Amino acid sequence: MSTDQQYPLASEPSAAGVQLNHTAVYASDRHLSAEFLAAVLGLRVGAPFGPFLPVDLGNGVTLDFYEKSDEPIQSQHYAFLVPEERFDPVVARLEALGVTYYADPAHTEPGRINRLFGGRGVYFDDPDGHNMEVMTRPYARP
Ligand SMILES: [Fe+2]
């Protein structure tokens, strides 16, 4: 497919009714990774669904942890928006687990949080090196 190909657009493009429902999160050990994220965020790991181990989020999105053993796990970025009152417990659980957190996505400011967009945020790696972000304010996008 050429990069200059045009796609036919709907007559009136709209995001209404279109929601992310689930996505697979690749892991070398789905139990380890799902339980790690659930522990950090204060969530529960759901019952296995075939090869997937689900962690349900508060907005109806399911992260399906899926073991990928045929090639190295490619690091992805996942950002979680949490209410203000859940932020300090997240940081406390990271500290209790001995997980280094950072103020920035490049992980150059260890042990610090950021205050982007008038909120608070941290970055940390999951067991396979996925770059996780927890923040209390969504990005102010143009
Ligand atoms: Fe992000």
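Look up a bit, the structure's there.
Residues numbered from 1 in each chain as written. Predicted model: local features only at pLDDT ≥ 70, side-chain atom pairs only at ≥ 80, totals over all residues.

Student: Sorry if this is basic, but what is going on with the environment of proline 89 here?
Tutor: Along the chain, proline 89 falls in helix 2 (residues 84-97). By the C-beta count within 10 Å, which is 13 here, proline 89 ends up partly exposed. Placed 48 residues apart in sequence, proline 89 and leucine 41 show a C-alpha to C-alpha distance of 8.3 Å. (Helix = DSSP H or I, 4+ residues; strand = E, 2+ residues; numbered from the N terminus. Buried ≥ 20, exposed ≤ 12 C-beta atoms within 10 Å, placed from the backbone.)

Student: Before we go on, may I ask you to explain the sheet that holds strand 3 (residues 62-67) in this structure?
Tutor: Taken in spatial order, the 3 strands make up an open sheet running 1-3-2, and their pairing is mixed. Each end of this open sheet is capped by a strand with a single partner; those strands are strand 1 (22-27) and strand 2 (52-56). Taken over all neighbouring pairs, the strand axes of this sheet differ in orientation by 30 degrees on average, direction set aside. Bridge analysis of strand 1 against strand 3 gives 6 bridges, and the strand direction is parallel. Within strand 3, the residue paired with alanine 24 across the bridge is aspartate 64. Its contacts with the sheet place helix 1 (residues 30-41) against strand 1, strand 2 and strand 3, and it is angled at close to 5 degrees to strand 2. (Pairing = 2+ DSSP bridges. Axes fitted to C-alpha atoms, helices over the stretch in contact; angles between N-to-C directions. Contact = placed C-beta atoms within 7 Å.)

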